[in-house]
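Chain residues, written in single-letter form:
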Amino acid sequence: MRTVKQLTNNKYLNIKEVVDKENHVTGFQFAERRGVDSVAFICLDVNNEQFLLNKELKPPINERLLGAFGGSFDKDKLPVEIVIDEVKEEAGFSVDKEQVKFVGRVLVSTQMNQYCYLYLVFVNKEDQGERKPENLIEASAETFWCKWDDIYKLEDWKPITILAMAQAKAII
């Protein structure tokens, strides 16, 4: 029988490892994000089929990467409501539920217990207003419009997955 041993005790993210019945390390460690799932989205301009992406600092690798927007779950809100709030904060658009399309849910990594709920948000580029960032990482982020082909060159897997799932469900 194997059990899980917690190696760290942090507020949001902990490292755990699997041990056997004699408490020997099996060599398998994983990160646990305290059960906090997340949302990720990209915006699609309905007039010219460009996608709005986010370029922000990713502290674990200390680089700014172009990819999807995102946010953590809030136990008092539905995922679609979180997306609506994050679209305003990070992308500068006021949207309603009809503009926000759920495309699927994926496990973030085989080494984590977190699911990410993926969305495509339909916007009109001309309606973009001021972003309302909540923290320093969001405030230092930049947004970029790009074409279909640019999506497949990204290091972030979420925009590619959002497009593939949206196409598979005939959302786009």
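Per-chain numbering applies: the sequence of each chain, read as written, is numbered from 1 onward. pLDDT decides what is reported in this predicted model: residues at 70 or higher carry local features, side-chain atom pairs at 80 or more are listed and counted, and totals for whole chains, interfaces and linings draw on all residues regardless. Think of the side-chain values as coming from all heavy atoms in the structure, minus any hydrogens and water.

Caption draft 1: Representation of helix α4 (residues 157-168) in the model. By definition, any uninterrupted DSSP run of H or I lasting at least four residues is a helix, any uninterrupted run of E lasting at least two residues is a strand, and each is numbered from the N terminus. Multiplying one less than the number of residues by 1.5 Å gives the expected span of a helix. For α4, built from 12 residues, the straight-helix expectation of 16 Å at 1.5 Å per residue is met to within 8% by its first-to-last C-alpha distance of 16 Å. Listed in full, the buried residues belonging to α4 are Lys 158, Pro 159, Ile 162, Leu 163 and Ala 166. For α4, the angular spread of buried residues about the axis comes to 135 degrees, placing them on one side. In this structure, the buried residues of α4 make contact with β4 (38-45), β5 (51-58), β6 (63-67), β8 (100-107), β9 (115-123) and α3 (148-151). The rule is simple: take the accessible area with a 1.4 Å probe, protein chains only, and divide by the maximum for that residue type; under 20% is buried, over 50% is exposed, in between is partly exposed. Picture the helix axis, draw a direction to every C-beta atom, and the arc is the one those directions span. The contact criterion used is simple: two residues touch if any of their non-hydrogen atoms lie within 4.5 Å.

Caption draft 2: Fine view of the pairing of strand β7 (residues 69-72). Here β7 shows a clear split, with Phe 69 and Gly 71 buried on one side and none of Gly 70 and Ser 72 buried on the other. Pairing analysis gives 4 bridges linking β4 to β7, with the strands arranged antiparallel. The residue of β7 that forms the bridge with Ala 40 is Gly 70. The pairing criterion for strands is at least two bridges between them, as found by DSSP.

Caption draft 3: Inspection of the side chain of Lys 16 at higher detail. With respect to the element layout, Lys 16 can be found in strand β2 (residues 14-19). Judged by relative accessible area, which is 13%, Lys 16 ranks as buried. Once residues within four sequence positions are removed from consideration, Lys 16 is found in contact with Val 4, Lys 5, Gln 6, Leu 7, Phe 28, Gln 29, Phe 30 and Glu 32.

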